[in-house]
Amino acid sequence: MDVKIVFLLLPFWIGAVIATLWVGFIRPKTYKLISELLEKACFSPDKAISAKEAGVSSFEERCFLNMKGALGDTVKTVDGKYYVPEEKKEKAAMLYGKKAAPLWQAVLWAVVLTVFFAALAWAVSRFVDTSAIDVPWLY
């Protein structure tokens, strides 16, 4: 197998595996909070609950839930509590009403991606003329 192809595909493989595992780790935390908000009918600021009340630790809240976009269907109040706005409750129920995929599925996808990128590297090195690829930083 041509080393050039492996080094060119390696960043894509690393990025895909990291993204898959990251999403697989974050998604259950997000589902946990939003499903609790829906279950407890937290649809206004006065009915908002904290992440701790929803069973999400403060570490998880700091690391995962405060990322922009992670909780796009929720609103965080000034006192750190969360609620789902009335106009977004149907969308949130549709997206977060069922259980999140378990972490083992993300690991399985990471393995599938690894096999895919290995097959791609093998196929490119076998069927494509790589002598025209000039990557100076590989030498």
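Above this text is the structure in question.
Figured I'd write up the structure that's included with this text. Please read these numbers as outputs of a predicted model, since none were measured by experiment.

## Some words on the pattern of salt bridges
Okay, so step 1: Under the counting rule described, the total for this entry stands at one salt bridge.
Okay, so step 2: Residue K40 is joined to E36 by a salt bridge in which the shortest nitrogen-to-oxygen separation is 3.6 Å.

## Here we look at the side chain of S44
Okay, so step 1: As for its position among the elements, S44 is in the loop between α1 (3–39) and β1 (49–50).
Okay, so step 2: Classification of S44 by relative accessible area gives buried; the value is 18%.
Okay, so step 3: Within the structure, the side chain of S44 is placed 2.4 Å from the side chain of D46, a separation counted as a polar contact.
Okay, so step 4: Filtering out sequence-adjacent residues up to four positions away, S44 remains in contact with Y83 and V84.

## So, the sheet that holds strand β3 (residues 81–83)
Okay, so step 1: Taken in spatial order, the three strands of this open sheet run β1-β3-β2, and their pairing is antiparallel. Taken across any chain shown, the strands that pair with only one partner, and hence form the sheet edges, are β1 and β2 (75–76).
Okay, so step 2: Pairing of β1 with β3, which is carried by two bridges, proceeds in the antiparallel orientation. Within β3, the residue paired with I49 across the bridge is Y82.

Quick notes on the rules
Residues numbered from 1 in each chain as written. Predicted model: local features only at pLDDT ≥ 70, side-chain atom pairs only at ≥ 80, totals over all residues. Heavy atoms only, no water. Salt bridge = Lys/Arg side-chain N within 4 Å of Asp/Glu carboxyl O. Helix = DSSP H or I, 4+ residues; strand = E, 2+ residues; numbered from the N terminus. Buried < 20%, exposed > 50% of the residue type's maximum accessible area, 1.4 Å probe, protein only. Polar contact = N/O pair within 3.5 Å; in protein donor to acceptor, adjacent residues only side chain to side chain. Contact = heavy atoms within 4.5 Å. Pairing = 2+ DSSP bridges.

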